[in-house]
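# Structural overview for review
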Amino acid sequence: APVINRADYRPPAWLVPEIALDFALSLDATRVKSTLKVERNAAADGSATLRLNGDGLVAQEVLVDGQAHNDWRMEGGDLLIDLPGDAHEISVETVINPAANTQLSGLYASNGMLCTQCEAEGFRRIAFFPDRPDVLSVYSVRMAGDKSAFPVLLSNGNPVAAGEAADGTHLAEWHDPWPKPSYLFALVAGDLVATRDQFVTRSGRTVDLAIYVRAGDEARTGHAMRSLIASMKWDEEVYGREYDLDLFNIVAVADFNAGAMENKGLNIFNTRYILADPETATDADYDAIEGVVAHEYFHNWSGNRVTCRDWFQLSLKEGFTVLRDQQFSADMGSAPVKRIEDVRILRAAQFPEDSGPLAHPIRPDSYQEISNFYTATVYNKGAEVIRMMTVLAGLDRFRKGTDLYFERHDGEAATCEDFVKAIEDGAGLDLAQFRRWYAQAGTPRVDVSLVHEGETATLTLRQTVPPTPGQPEKLPMVIPLRTALFDRATGKHRGEELLVLTEAEQSWAFDGFAQAPVLSINRGFSAPVAIRSPSSNEDLVFLAEHDDDPFARYEAMQQLVVQHLVAAVEGQLSDAERDAGRRAIGDAIAAVLADPALDDLMRGELLILPGESYLAEQIPAVDPSRVHDEREALKGWLGTTLGAAWRDLHDRCSAVPYSLSAEARGARKLKTLALVFLAAADAGEAARRAKAQYDAADNMTDRQGALMVLCGLETPERATALADFHDRFAGNMLVIDKWFSLQAGSLHPHAIDHVKALAEHADFTLTNPNRVRALYITFAANAGAFHAADGEGYKLLADLILQLDPINGNVAARCVPPLGRWRKVEPGRAKLMREQLERIAAVPDLSRDVREQVTRSLE
Ligand code: B3K
Ligand code: ZN
């Protein structure tokens with residue numbers, strides 16, 4: 001497939017100020033007539049040829065200015081017409097088959113309804129069009145179809161007409177006054193029911209809100225609706241952004257490649273980010289719904305009113321919108337806990353990407369298939385980069401920057417450079433060197449040394465940005481580090497400072513320390529970097545106890561465990577050192593368990609051990625089974641040593657009744673965490689407690705937590721509970737997804753056999769992305785099972801990729817990165833992983849999605 005380069009951007013030769021779409025709906029033969037008003041773009045080097053992108057479309061008829069026209073040609077999937085004048089009207093008719101669309105891109109059928117997903121390049125599977133985000137059009141949509149099959153007919157903007165015919169069909173017309181790129185077009189037709197509410201904007205306009213779901217699911221939309229209303233209010237208060245239509249519709253669909261889609265006025269969601277009630281959704285599900293509903297709503301300004309010039313600018317809308325949804329969730333709940341969760345996701349998903357063959361800058365330079373660039377780098381690192389601007393400017397000045405950005409670029413297709421310039425001008429910052437964050441891939445490493453002499457402590461920081469594919473040499477970045485030096489005697493610091501590292505190496509001197517201070521650096525995770533600071537256990541225990549920055553406290557706990565486990569995996573610990581390390585960790589955990597000043601949600605964060613993938617990242621040529629074994633052994637030791645404390649904790653938290661309060665949520669988090677530690681020490685007792693928790697559960701958090709623990713144990717309670725869970729929730733797709741992923745992600749020694757059996761289960765299907773992810777993405781993240789020494793796990797994943805690719809290349813490509821980690825793994829497994837990649841690469845008709853990921857993973 002051709003490589004598309006950012007540097008090759010050219011403005012579109014033709015603009016399309018207006019488009020009218022006319023749909024004759026049917027599940028397997030939908031007729032689409034599109035009429036485009038096209039105008040030669042004065043800002044481009046004038047080409048007489050109009051290129052209309054198409055993907056698998058056949059033009060039935062082409063009219064130019066109302067006349068049948070034969071002088072057109074196909075180039076690949078695209079339709080090309082040479083036009084004599086500067087403005088014309090083009091009409092093209094096509095017929096598409098939504099029921100056969102298993103890629104779930106374009107117009108497709110899901111459970112008898114029709115819906116669309118057009119980002120990034122799905123619109124060209126519906127109609128011939130210049131399918132690029134810098135062509136903005138006003139859309140008028142007419143659709144007609146069988147009234148009993150499709151009682152609800154929705155598109156973007158406002159409904160302008162409706163009618164019925166004698167033959168049982170009906171029609172609807174929609175008009176969206178806001179010019180938009182084709183990727184924001186949406187259409188839904190189906191048998192749906194709505195829950196409704198209203199929002200009054202700050203200027204006093206009433207907006208009608210509706211969430212459309214399948215009959216029977218209405219009762220599970222309340223949390224999504226409350227989240228939507230809270231988001232609309234928050235965006236007015238925090239960013240000064242008001243909603244701009246009289247209605248806002250959300251539709252939930254069961255078959256969806258992504259989480260959700262921000263189509264103008266008609267968001268389409270994966271059901272998993274809408275439907276919730278206490279019996280079927282966990283606390284984490286509630287949080288995810290709140291975050292994703294907010295994210296899609298926030299796109300109305302950061303994405304729709306200001307969109308992207310080209311897909312290389314994807315982080316313009318995604319990085320900024322992720323930051324906005326993170327800030328919103330922090331304001332809705334516990335800000336420190338949210339920050340810790342966001343950093344954990346970054347480290348688990350983005351750091352490995354940044355250190356592997358698929359590493360790319362947040363603004364990539366080239367791609368073959370843009371779907372492969374909806375990554376943790378573009379999204380989550382993109383958010384971190386903009387968050388650093390808030391650290392450098394402060395929130396008030398940052399807001400001046402975003403106000404200027406929206407003012408300058410409203411109605412435009414903008415670039416990342418436009419955003420940086422607006423923040424620079426509005427917030428009064430110099431971001432010249434900072435721009436490297438957009439261009440250089442790789443997680444910067446900062447090596448720290450703190451030397452104490454006389455009364456002076458000298459802090460020296462050295463940064464290195466590792467080489468990444470296509471970028472062997474790197475320049476120093478701007479790294480803002482919130483820093484404090486603690487006095488050992490008082491347990492306090494003298495005020496936090498922002499140290500901005502801009503050189504490869506820089507030093508700072510701090511006077512007045514009779515004793516060597518304790519360093520707290522990158523507080524709040526102010527920069528997305530890896531700090532290498534050889535801190536003693538004593539200093540880490542000190543920070544875990546005394547640091548007034550909650551993130552730094554969490555970080556000290558993590559570092560304490562990381563240092564210990566990395567040394568253990570690398571075989572560097574004597575028995576005495578192992579004992580001392582464990583005791584330091586055990587004491588710190590005991591202190592966290594006993595600290596009356598901590599709320600339980602935060603206590604839970606401090607007790608979560610670093611994940612296997614984050615640990616593996618620290619060790620070159622890692623043997624993943626050793627990481628797994630050492631981490632489990634530490635859990636077992638902590639489970640035994642602190643056994644009484646875990647039992648007390650489980651008892652105390654089990655007595656807290658269900659509610660959505662922070663206290664009750666904290667209790668639920670700790671309840672299952674206690675079981676996790678107990679399970680590693682005494683399987684019998686853990687199984688009894690987990691079974692009791694399962695049986696007593698009146699909510700999914702407790703039930704799933706208990707079942708998760710049982711799934712990892714070789715105990716008779718395991719099968720009983722799994723069977724009960726399946727019976728109890730049969731027919732609820734989202735909960736059955738949990739049933740699959742609990743088994744695929746379990747600590748059970750035969751998890752890989754369970755995955756093989758589940759792939760044959762009657763409830764498994766390759767056509768539902770949630771189900772595929774529940775089984776296989778969960779499995780690929782389960783190091784104990786996926787990295788089986790004989791390579792069986794790699795083969796299982798490769799088999800899946802090859803089976804899934806013809807059905808849904810987009811989702812198949814998402815399964816490739818775990819195999820691409822081979823360079824980081826010990827040689828025996830690395831060879832087995834490569835073999836599977838080569839086996840996939842040898843197949844001739846791969847999707848562009850999988851081909852690109854496999855090729856890059858082998859390079
Ligand atoms: N913008 C969509 C992503 C669609 C994914 C296309 N492959 C959801 C979001 O980020 O809000
Ligand atoms: Zn987004």
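Residues numbered from 1 in each chain as written. Chains lettered and ligands numbered in written order. Predicted model: local features only at pLDDT ≥ 70, side-chain atom pairs only at ≥ 80, totals over all residues.

## Side note on the overall build of the protein chain
In terms of regular secondary structure, the protein chain is built from 27 helices and 32 strands. By the compact-globule yardstick of 29 Å for 859 residues, the protein chain fits well, its C-alpha radius of gyration being 28 Å. Viewed in the frame of its principal axes, the protein chain has a C-alpha envelope of about 90 × 60 × 60 Å. Out of the 859 residues in the protein chain, the part that is buried amounts to 51%. Within the protein chain, contacts between residues at least 6 apart in sequence are counted, and of these 69% link residues at least 24 apart. (Helix = DSSP H or I, 4+ residues; strand = E, 2+ residues; numbered from the N terminus. Rg over C-alpha atoms; globule rule 2.2 N^0.38 Å. Buried ≥ 20, exposed ≤ 12 C-beta atoms within 10 Å, placed from the backbone. Contact = placed C-beta atoms within 7 Å.)

## A look at the sheet that holds strand β8 (residues 78-82)
Across the sheet, 3 strands lie side by side as β4-β8-β7; this open sheet has antiparallel pairing. Only two strands of the sheet have a single neighbouring strand rather than two, namely β4 (49-52) and β7 (72-75). Adjacent strand axes in the sheet meet at a mean angle of 25 degrees, parallel and antiparallel pairs treated alike. One ladder, built from 4 bridges, connects β7 with β8; its direction is antiparallel. When the bridges of β8 are listed, Met74 appears paired with Leu79. (Pairing = 2+ DSSP bridges. Axes fitted to C-alpha atoms, helices over the stretch in contact; angles between N-to-C directions.)

## Things to note about the UniProt feature "domain: Aminopeptidase N-like N-terminal" (unreviewed entry) in the protein chain
Under the local residue numbering, the UniProt record ascribes the feature "domain: Aminopeptidase N-like N-terminal" (unreviewed entry) to residues 89-184. Counting secondary structure, residues 89-184 comes out at 0% helix and 53% strand; the distance between its end C-alpha atoms is 22 Å. (UniProt positions renumbered as here; feature names shortened; annotations may be inferred.)

## Considerations on helix α2 (residues 283-298)
The terminal C-alpha atoms of α2, which comprises 16 residues, lie 23 Å apart, in line with the 22 Å expected from a rise of 1.5 Å per residue. Across the 16 residues that make up α2, a large majority, 13, are buried. (Expected span 1.5 Å × (residues − 1).)

## Concerning the sheet that holds strand β9 (residues 87-96)
For sheets, the rule is that strands pair by backbone hydrogen bonds, running either parallel or antiparallel. Strand order in the open sheet formed by 8 strands is β6-β5-β9-β3-β2-β12-β15-β14, and the pairing between neighbours is mixed. Where the open sheet ends on each side, the last strands, each with one partner, are β6 (67-68) and β14 (158-164). Of the pairings in the sheet, the one linking strand β2 (residues 14-24) to strand β12 (residues 137-146) comprises 7 bridges and is parallel in character. Directly across from Asp22, in β12, lies its bridge partner Arg142.

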